[in-house]
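# Coordinate inspection notes
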Amino acid sequence: MTPLLAELNALVLGLFIISTIAMTVTRQIGACMQIFVVQSLLLAASAFLLGASPFSWHLFALGCVTVLSKAIIIPWLLRVLVPNEIHQRRELSQALDVPTTLLVALGLTLAGYAFAQHLVHAAPNLSPGNISMGFAALLVGLLLLAVRVEAVPQLLGLLAMENAAFLTGIAIAPDFPLIAELAIAFDVPLLAFIVALLARIAYRSMGTTEVGALTSLQERQ
Amino acid sequence: MTTLLIPAVALLAALWCAIPRSGRAAPAVTLIAALLAFLGSVRVLWMLHLGATLTIARGWIETDPLGAFLLVLIAFVYVTAALYSWGYLNVQEAPPHRVRLYHANFNLFAFSMLCIPLLSELGLVWIFVELTTLLSVLLVSYALTPQAVEAAWKYMVLTLLGATTAVLGILILFWSLHTTGSTDFTWSGLRAAAPHMPHALLGAAFVLLLVGYGAKIGLVPLHTWLPDAHSQAPSPVCAMLSGIETSVVLYVLLRLRGVFAGDPALHAGTWFAVAGLISAGVAALLIVQAHDYKRLFAFSTVEHMGIMLTAASILTPYGDTAALWQMLAHSVTKSFCFYAAGIALIVTGSRDIADVRGLLGISRIASAGLLVGGLAISGAPPMAVFPSELAILRAALQAHGYVVAALLALFIVVAFFGVTRHITSMLTGEPSVTTGRRVPTTCVLALAVTAVPVLVLGVWMPAGLAQAIESAAKVLGA
């Protein structure tokens, strides 16, 4: 990888972790989805940069499929299946307030970074930034899933975690069998479809999509 | 090509059921597809027994005795659940389009599970494990009540969280394989390369995969989706989820154990034992304080997964044989339990243990089913689970795992008293209010068909089946 490409990739990785943190603190559901699209485009950009020198058609194909499935198909599916009223909604019932969420996200970023260093030493010739930022973003995605109670942000939390796993994946497994990569990429829109359908069912049967606040099935004492 | 036809019939049945106006024929089509899948899977097992090699695409689709054994288990539960669904949905008085969509989804769920034992490439295995969740979520929410939606949501979020964790584990495993110069990302390729893989990478992959797939099989503390989903899903779906879906994912973990055991410094066996014993112990206590009889059987699944994982931790050929024997006994007995629970729900209209009293005076089928199921699943002789649990204890003692054997025996006894206490309270006393509904014939038939292995395998194991289990255990290579 040339120094210029490496620097550009570092910039992309920085923006990737910032976009993941931004998703956890953005209360408007529509805006949260737009940041997810940006995060997916950054994942694709990192795949293109890593695949440019030495050239890897595996990574270029993965980048193209990411743009298609996560930046085009998933937002379209969510717009069609989830009632418009939900996209406009501001989520005020987050489990943690914004400053606390930011603080925890920062702590998790450092923890993910520190854990990844342990692995980076095993193969120093790979892009260490992707591994570190991938682990950090994975933990921040988990935080997003934990603090949000609305269905769509919870789905975006799952998808953000998957993006984070693949940010690491494109660095550590650039030769991962393409057929499996393609299948995984097309598996994601199916996931979004099922989740959006379930959110729609929840909205119809309960009048809300605050699925994180549901506690009627807890074991009685 | 017979192997590929097995999932193909389930997929074709799903496509048929998806066609509008196919509502009336959907249950029959599903049952025929399930029967064909079962006959096909028995044929595959038989061909392997005769020494045939079933490789469709090297490195991608290969079937060995372990895969064939699991295939037969999946297909058996698929047949009985399809039969049970037929009458069960009639009782629910579901409109034809919902019956059609249920069967389309049910066949797709079966398709995703039937593919897993045929695959040898780990990336594809991950995809189909994730598909088992995606294709069963809408079955869990079938009742469309707020509780059913809540259960489906929790099931989906927790298991997909596990899948995302597991995919990172798989990518790291691929990375560590790459460092050895190999590109054979199959079960056998990974096992061969494992001793040469970097310890740090293999350790990270192990933790991520154990946690990721642990969520799917209901290991404590990632088990919370299991009782919720099972209390709300239709009973035939519970039979598929509990009886076979958890076993399918456990199969993946057992295969991975062979890879991680290649690095003795990882102590994969110890981790399996700790995770298994904690799950079995916590589940035994949860069984004692259960209030809902469908949740009771779900906790019993958590206990059984813990027992099987502990058996796999012994790392001896006999331990593996006992684990697979338990998998067989669990699949048939747990599906039987949920069929009996479904019948009890039809006649009483309540899932609450405290609300159901004097079941003996209300329905002989429901009470006989719950009594036999409760005794069988908690390991009472002479039913299928008893000899398999005994074999696990023996395997632990043979390997000098006295503490493991003692703890397992204690948890099994606690669970036995928990299950039998609840079932006895439901059967005896003044009969509670009933719905007056008649139990559908197909539900009784499914219960009767499943009762055969539950009762027979406790006293007699056919030589062919015993040989199939031994051959399957050899593949695990402890």
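Not measured: the values here are computed from a predicted model.

Reading the values: the criteria
- Residues numbered from 1 in each chain as written.
- Chains lettered and ligands numbered in written order.
- Predicted model: local features only at pLDDT ≥ 70, side-chain atom pairs only at ≥ 80, totals over all residues.
- Helix = DSSP H or I, 4+ residues; strand = E, 2+ residues; numbered from the N terminus.
- Buried ≥ 20, exposed ≤ 12 C-beta atoms within 10 Å, placed from the backbone.
- Contact = placed C-beta atoms within 7 Å.
- Pairing = 2+ DSSP bridges.
- Core = buried A, V, L, I, M, F, W, Y, C linked by C-beta atoms within 7 Å.
- Nonpolar A, V, L, I, M, F, W, Y, C, P; charged D, E, K, R; others polar.
- Expected span 1.5 Å × (residues − 1).
- Bend = angle between axes of the 7 residues up to and from the residue.
- Axes fitted to C-alpha atoms, helices over the stretch in contact; angles between N-to-C directions.
- Parallel < 35°, antiparallel > 145°, perpendicular 65-115°, else oblique.
- Left-handed = near helix turned anticlockwise from the far one by under 90°.
- pLDDT = per-residue confidence, 0-100.
- Arc of directions from axis to C-beta.

### Here we look at the overall build of chain B
- From N to C terminus, chain B includes 20 helices and two strands.
- On the principal axes, the C-alpha backbone points of chain B span a range of 65 × 55 × 45 Å.
- Expressed as a percentage of its 478 residues, the buried residues of chain B come to 64%.
- Taking the contacts inside chain B whose residues are at least 6 apart along the sequence as the reference set, 81% of them involve residues at least 24 apart.

### Quick notes on the pairing of strand S1 (residues 54–57) of chain B
All names here are of chain B.
- Pairing of S1 with strand S2 (residues 61–63) involves three bridges; the strand directions are antiparallel. Bridge pairing in S2 links alanine 57 to isoleucine 61.
- Hairpin connection, S1 to S2: the antiparallel pair is bridged by three residues, and glycine 59 has positive phi, about 90°.

### Some points on the nonpolar core
- Judged by nonpolar contacts, the single largest core of 286 residues is most densely connected at Phe69(B), Ile74(B), Val140(B), Leu171(B) and Ala344(B).
- Tallying contributions element by element places helix H7 (residues 146–179) of chain B first for this core, with 22 residues.

### Topic: the interface of chain A and chain B
- Every contact between the two is made by 37 residues of chain A and, on the other side, 39 residues of chain B.
- For the side of chain A that touches chain B, the secondary structure elements donating two or more residues are helix H5 (98–120), helix H6 (128–147), helix H7 (151–172) and helix H8 (178–206) of chain A.
- At 14 residues, the largest contribution of residues to the side of chain A that touches chain B is made by H8(A).
- Along the lines of polarity and charge, the residues of the side of chain A that touches chain B split into 27 nonpolar, six polar and four charged.

### Quick look at the environment of Ser425(B)
- Its place among the elements puts Ser425(B) in helix H18 (residues 402–427).
- A C-alpha to C-alpha distance of 8.2 Å links Ser425(B) and Val356(B), two positions 69 residues apart in sequence.

### Re helix H19 (residues 441–456) of chain B
Residues and elements named next belong to chain B.
- Taking 1.5 Å as the rise per residue, H19 with 16 residues should run 22 Å; its terminal C-alpha atoms sit 23 Å apart, in good agreement.
- At threonine 450, H19 is bent by approximately 25°, the largest bend along its length, and proline proline 453 sits one to four residues beyond.
- For H19, the complete set of buried residues consists of Cys443, Ala446, Leu447, Thr450, Ala451, Pro453 and Val454.
- Close packing links the buried residues of H19 with helix H3 (65–91), helix H14 (317–348) and helix H16 (364–377).

### A few points about unusual backbone geometry
- For the bond running from Ser53(A) to Pro54(A), omega is -5°, close enough to zero to count as cis.
- Position of Pro54(A) relative to the elements: it lies in the loop between helix H2 (29–52) and helix H3 (57–81).
- A cis amide bond links Val220(B) with the next residue in sequence, Pro221(B), at an omega value of 10°.
- Relative to the helices and strands, Pro221(B) is located in the loop between helix H9 (199–217) and helix H10 (225–232).
- Notably, Glu93(B) is not glycine yet its phi reads approximately 55°, a positive angle.
- Among the secondary structure elements, Glu93(B) is positioned in the loop between H3 and helix H4 (96–115).
- Phi angles above zero are rare outside glycine, and His267(B) is one such case at about 55°.
- Within the fold, His267(B) resides in the loop between helix H11 (235–260) and helix H12 (268–288).

### Remarks on the packing of H11(B) against helix H13 (residues 293–313) of chain B
Residues and elements named next belong to chain B.
- The contact between H11 and H13 brings their axes to 11 Å, and the two run at 20°. In terms of orientation, H11 and H13 fall into the roughly parallel class. The chirality of how H11 crosses H13 is right-handed. Counted together, Cys238, Ser242, Thr246, Leu250, Leu254 and Arg257 of H11 and Lys294, Phe297, Ala298, Thr301, Met305, Met308 and Ala312 of H13 form the full contact between these two elements.
- Per-class residue counts for the contact of H11 with H13 are eight nonpolar, three polar and two charged.

### Details of the confidence of the model for chain B
- For chain B, per-residue confidence averages 94 on the pLDDT scale, and 100% of positions sit at 70 or higher.
- In the predicted complex, the global pTM is 0.95; the interface-specific ipTM is 0.91.

### So, the packing of H14(B) against H19(B)
All names here are of chain B.
- In contact at an axis separation of 9 Å, H14 and H19 are set at 150° when each is read in the N-to-C sense. Classed by the angle they form, the pair H14 and H19 counts as roughly antiparallel. Of the two possible hands of crossing, H14 and H19 adopt the one that is left-handed. Contact residues: Val332, Thr333, Ser335, Phe336, Tyr339, Ala340, Gly342 and Ile343 in H14; Cys443, Ala446, Leu447, Thr450, Ala451, Pro453 and Val454 in H19.
- Partitioned by chemical class, the residues of the contact of H14 with H19 number 11 nonpolar, four polar and no charged.

### What about helix H20 (residues 463–476) of chain B?
Residues and elements named next belong to chain B.
- In this model, H20 (14 residues) spans 20 Å end to end at C-alpha, consistent with the 20 Å of a helix rising 1.5 Å per residue.
- Of all the residues in H20, the buried ones are Ala468, Ile469, Ala472, Ala473 and Leu476. Viewed end-on, H20 has its buried residues packed into an arc of 135°, placing them on one side of the element. In H20, the exposed positions that point more than 90 degrees away from the buried face belong to Ala463 and Gly464.
- The secondary structure elements touched by the buried residues of H20 are helix H2 (26–49), H3, H11 and H14.
- Following H20 by one or two positions, glycine 477 has its phi on the positive side, about 60°.

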